[in-house]
Amino acid sequence: MSTSSPPRIGCLVMAAGNAQRFGENKLSAHFHGATLIERALNAIPSELFFAVTVVTQYEQIEQLAAAHGFAAIHNAQPELGVGHTIRLGTEAMSACDGILYLVADQPMLSMNSIRQIVETWKKTPQQIVGASHGGKHGNPNLFPARFFPALMALEGDRGGNRVIMANPDAFVPVELPALELADCDTPQALADLTAAVKA
């Protein structure tokens, strides 16, 4: 990465899962007036990113990505797990100096928190910078290019946390509110979060 030019930062939105625990495409589920995928895409401060790529198996999400001005990659093999989604997106943005890996089922994640992670990473661009609360890792996480090979080697449903666990000294936490890290893997989790948050 040249010191004379700003870093090229990518944002990968991982929206390809089969959501087996949810029982249907959870990203189409609503949370306070918007779908989970709409909330995820609306939270991205696109001006901070060299590229934003959405990896999904769903045509309607590809269309939504295009409406936001984001690139979309069709994942024809979602059964291969999140590792395959990570590989597709990382390969597409391999020219970036770092990539923020964003899951799409954290409806309380704010644009300001994403900004915090990006700005922190710019100060420590060789480190992994990610969301944390009370000492527990969460999502999203911004990985520098030196970790792209490890990320692309992930298989099945092993995500970026596997790389963080293997490189604990490289992780820089950004403390976020617990609700922003809450994901919605099941209808009950979505119902609980909806009830916990005032509209």
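Reading guide: rules and limits
Residues numbered from 1 in each chain as written. Predicted model: local features only at pLDDT ≥ 70, side-chain atom pairs only at ≥ 80, totals over all residues. Heavy atoms only, no water. Helix = DSSP H or I, 4+ residues; strand = E, 2+ residues; numbered from the N terminus. Contact = heavy atoms within 4.5 Å. Polar contact = N/O pair within 3.5 Å; in protein donor to acceptor, adjacent residues only side chain to side chain. Buried < 20%, exposed > 50% of the residue type's maximum accessible area, 1.4 Å probe, protein only. 1 Å grid on protein atoms, 1.4 Å probe; cavity = no way out; pocket = protein on both sides within 12 Å on 5 of 7 lines; lining within 4 Å. Points joined across faces, edges and corners; volume = space filled by probe spheres on them. Nonpolar A, V, L, I, M, F, W, Y, C, P; charged D, E, K, R; others polar. Pairing = 2+ DSSP bridges.

Chemist: Any chance you could explain the environment of S132 here in plain terms?
Modeler: Mapped onto the fold, S132 is located in strand β7 (residues 128-133). As for S132 and L181, which are separated by 49 residues in sequence, their C-alpha atoms are 7.8 Å apart. When neighbours within four sequence positions are excluded, S132 is seen to be in contact with H137, G138, P173, V174, E175, L176 and L181. There is a polar contact of 3.3 Å between the side chain of S132 and the backbone oxygen of K136.

Chemist: Looking at this model, I keep getting lost on unusual backbone geometry. Mind explaining?
Modeler: For the peptide bond that leads from N139 to P140, omega is 5 degrees, which places it in the cis range. Along the chain, the position of P140 falls in strand β8 (residues 136-144). Positive phi values are uncommon outside glycine, yet H32 reaches one of about 50 degrees. Within the fold, H32 resides in the loop between β2 (30-31) and β3 (34-35). The class of H32 is partly exposed, set by a relative accessible area of 33%.

Chemist: When you look at empty space enclosed by the protein in this model, what are you seeing that I'm missing?
Modeler: Empty space among the atoms becomes apparent when a probe as large as a water molecule is rolled across them. Under the criterion given, the structure shown has 1 cavity of 30 Å³ or more. There is about 70 Å³ of room inside the largest cavity. If you list the elements that add at least two residues to the lining of the largest cavity, you get α1 (36-42) and β6 (98-103). Residue classes in the lining of the largest cavity are distributed as 9 nonpolar, 1 polar and 2 charged.

Chemist: Help me out: how do you make sense of the pairing of strand β1 (residues 9-15) in this one?
Modeler: Consecutive residues of a regular strand have side chains that alternate between opposite faces of the sheet. Of all 7 residues in β1, 7 are buried, a share of seventy percent or more. In this structure, β1 lies alongside β6, joined through 6 bridges in parallel fashion. Bridging across to β6, I9 finds its partner in G98. Looking at chain direction, β1 and strand β4 (residues 51-56) are connected through 6 bridges and run parallel. Bridge pairing links G10 to A51 in β4.

Read these as layout, nothing more, since geometry by itself doesn't imply function.
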